Amino acid sequence: MKNINRALLQSELQEMQVYGETQVGWDENIPPNETVDSDGNPENRRFGAADPNSPKRRVYDDPEVEALRETLRKHNGIRGLEICEPSEVKKIARIFRRDGFVVVRDLLNAEQLARLRKGCAEALREILSIPGQGNRKYANETGRLPHRYSYGTSSASRHMLHHPAWASMIDLPTTTPIVTEIFGSSDYRVWGSGGDLCLPGAIEYQHLHSDVRDPQHLTEGRIKQAKLLGVELHKDESGNLSVATQKLIMELTSPLVTINFVMCDLTWENGPIRQIPGTHALQQSPPSPADEPDWMRHSTLVGATAGSGVFRDNRAWHGATPNLSKEIRALPNVEYSPMWRPQADYTKSMPHEIWETLTPHAQKMCEWIKADPGVLPAGAGFMHPLASKRTEAVEKQNS
Ligand SMILES: [Fe+2]
């Protein structure tokens, strides 16, 4: 184990940005696949799955890392990935419905991108300033693979809508027409906001997963949305919706749609997100890491540039990939749900003072997540990688 210099680490964190080269990451004192419990103690994995093919050392020029880098250089990235212009609203929605995700360039202008990058670095600095056990540079986030963090779950409120940078992404001239086309109506809601990131040296593949389990209930609201999207409601001999119609409704109406904004160009080397096309309405589970074929491991969004975004049906199979570069890969997000998702599923994570700064459309979208005037949403503003500390902060606030 290498000794570490905490003062040097602090200065690395001060200089850190979520684009370009950084000294942050590549902590060889954190073993591959190590996860920690809610108090930060190494544990047996309780969430997700380990990567059985990971290099054995978290070292930039380790021979196994070099070999993986070579494979990624040759094979990483979806061939012929379509990248749309923001104005191609109909095409974007068509690809989204077909594949369960779509990449759109130039969603953010230079000023918006700079603001979000600054916010991402700020929040990450808070997370990484908590030292890891022993000689580890950083604390892992509870239950996650090393060097991988979620802005959402690292926040004690579970969301980032207390932060002006995240709130400012909700209603953009480039994104709102697209979200409206996807839902078939401008009446939808913001469910939350967060996003994930990986540090350089995140050598493991995250297992393929869906973010939400679709109960596939044919509620009145869901059928109404399908009609808005142009679905013809065919009946069978018993007078029920035909199976084909039911399937089509499920495919086209997702309970959760997310935009992940891209903070640095996604390359074959820096941990581009992988998305498996056409999996958003599947009931079967994705393959485990041991069974995952190479084509899925390489089905990543290489080529998406900084300022672009990925619209994701959160049911689609996806996962994070190795970041073997020297650059942090952050994908802050906003999450939207259709009106038929029950209000009980929402939590109040946005302070009233932030809500007041929003556009009228964004204010309407955020009705179900905004707190009353003068009330700080539970946990808002407290970032910590360990679950026990986040719980403590919320309890302290409530006492
Ligand atoms: Fe996910």
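Since we're looking at a predicted model, the values are computed, not measured.

In this section: the overall build of the protein. Along the backbone of the protein there are 13 helices and eleven strands. Its C-alpha radius of gyration of 21 Å places the protein within 12% of the 21 Å reference for a compact globule of 399 residues. Structurally, the protein occupies a C-alpha span of about 70 × 50 × 40 Å along its principal axes. For the protein, the proportion of its 399 residues judged to be buried stands at 46%. Of the contacts made within the protein by residues no fewer than 6 positions apart, 81% connect residues no fewer than 24 positions apart.

Below, the discussion takes up the pairing of strand β11 (residues 329-338). Taking burial as the measure, the ten residues of β11 include ten buried ones, the bulk of the element. Side chains Arg-329, Leu-331, Asn-333, Glu-335 and Ser-337 of β11 all project onto a buried face; the interleaved residues Ala-330, Pro-332, Val-334, Tyr-336 and Pro-338 project onto the opposite face, where all are buried too. Across ten bridges, the pairing between strand β6 (residues 188-198) and β11 is antiparallel. Bridge assignment links Gly-194 to a residue of β11, and that residue is Asn-333. Relative to β11, strand β7 (residues 257-261) is paired through four bridges, and the arrangement is antiparallel. Considered in β11, the bridge of Asn-260 is made with Asn-333.

A few words now on the domain arrangement of the protein. Domain annotation for the protein reports domain 1 (69-214 + 254-398) and domain 2 (216-252). A straight line from the C-alpha centre of domain 1 to that of domain 2 covers 29 Å. Opposite the nine residues of domain 1 that make contact, domain 2 presents ten residues.

Residue placement: Trp-317 occurs in the loop between β9 (309-313) and β10 (318-319). With 24 C-beta atoms counted inside 10 Å, the residue Trp-317 sits in the buried group. As a C-alpha pair, Trp-317 and Pro-286 span 31 residues in sequence and 6.7 Å in three-dimensional space. Those residues in contact with Trp-317 that lie beyond four places of it in its chain are Leu-208, His-209, Ser-210, Ile-276, Thr-279 and Pro-286.

Another point: the environment of Asn-314. Following the sequence through the fold, Asn-314 ends up in the loop between β9 and β10. Once the C-alpha coordinates of Asn-314 and Asp-61 are considered, the two residues, 253 residues apart in sequence, prove to be 35 Å apart. With near-sequence residues (within four places) excluded, Asn-314 lies in contact with Ser-210, Asp-211, Val-212, Ser-254, Leu-256 and Thr-258.

Now for the packing of helix α3 (residues 89-99) against helix α7 (residues 176-183). For any two helices packed against each other, the geometry comes down to the angle between their axes and how far apart the axes lie. Their axes nearest at 9 Å, the elements α3 and α7 cross at an angle of 50°. Of the possible angle classes, the one that applies to α3 and α7 is oblique. In this structure, α3 meets α7 at a crossing whose hand is right-handed. In this structure, α3 uses Val-89, Lys-90, Ile-92, Ala-93 and Phe-96 to contact α7, whose residues at the interface are Pro-177, Ile-178, Glu-181 and Ile-182. Split into classes, the residues belonging to the contact of α3 with α7 amount to seven nonpolar, no polar and two charged.

All right, on to the sheet that holds β7 then. Spatially, β3-β4-β9-β7-β11-β6-β5 is the arrangement adopted by the seven strands of the open sheet, whose pairing is mixed. Every interior strand has two partners, whereas the edge strands, β3 (83-84) and β5 (148-150), have only one. Packing against the sheet, helix α4 (residues 110-128) makes contact with β5, β6, β7 and β11, and its axis sits at approximately 105° to β11.

Turning our eyes to something else, we now look at the nonpolar core. Among the nonpolar cores identified, the biggest contains 81 residues, and Phe-261 and Phe-311 are the most heavily contacted of them. Here the element with the most residues in this core is α4; it accounts for seven residues.

You will see that Asp-106, though not glycine, has its phi angle at about 50°, which is positive. By the secondary structure assignment, Asp-106 is in the loop between β4 (101-104) and α4. A positive phi angle is found at Gln-216, which is not glycine, with a value near 55°. Considering the arrangement of structural elements, one finds Gln-216 in the loop between β6 and α8 (220-228).

Below, the discussion takes up α7. Since the α-helix advances by 3.6 residues per turn, residues separated by three or four positions end up pointing in the same direction. Along α7, the residues that are buried comprise Ile-178, Val-179, Ile-182 and Phe-183. Viewed along the axis of α7, the buried residues span an arc of 125°, placing them on a single side of the element. After α7 finishes, the residue Gly-184 shows a positive phi value of roughly 80°.

For a regular strand, side chains alternate in direction, first toward one face of the sheet and then toward the other. Along β6, eleven of the eleven residues are buried, which leaves the element largely enclosed by surrounding structure. The pairing of β5 with β6 spans three bridges and is antiparallel. Bridge pairing in β6 places Tyr-149 opposite Leu-197.

Attention shifts here to the environment of Cys-120. Structurally, Cys-120 can be placed in helix α4. By C-beta crowding, Cys-120 is classed as buried, having 26 other C-beta atoms within 10 Å. Sequence separation of Cys-120 and Ala-165 is 45 residues, and the distance between their C-alpha atoms is 8.4 Å.

Calculation criteria
Residues numbered from 1 in each chain as written. Predicted model: local features only at pLDDT ≥ 70, side-chain atom pairs only at ≥ 80, totals over all residues. Helix = DSSP H or I, 4+ residues; strand = E, 2+ residues; numbered from the N terminus. Rg over C-alpha atoms; globule rule 2.2 N^0.38 Å. Buried ≥ 20, exposed ≤ 12 C-beta atoms within 10 Å, placed from the backbone. Contact = placed C-beta atoms within 7 Å. Pairing = 2+ DSSP bridges. Domains from an automatic or database assignment. Axes fitted to C-alpha atoms, helices over the stretch in contact; angles between N-to-C directions. Parallel < 35°, antiparallel > 145°, perpendicular 65-115°, else oblique. Left-handed = near helix turned anticlockwise from the far one by under 90°. Nonpolar A, V, L, I, M, F, W, Y, C, P; charged D, E, K, R; others polar. Core = buried A, V, L, I, M, F, W, Y, C linked by C-beta atoms within 7 Å. Arc of directions from axis to C-beta.

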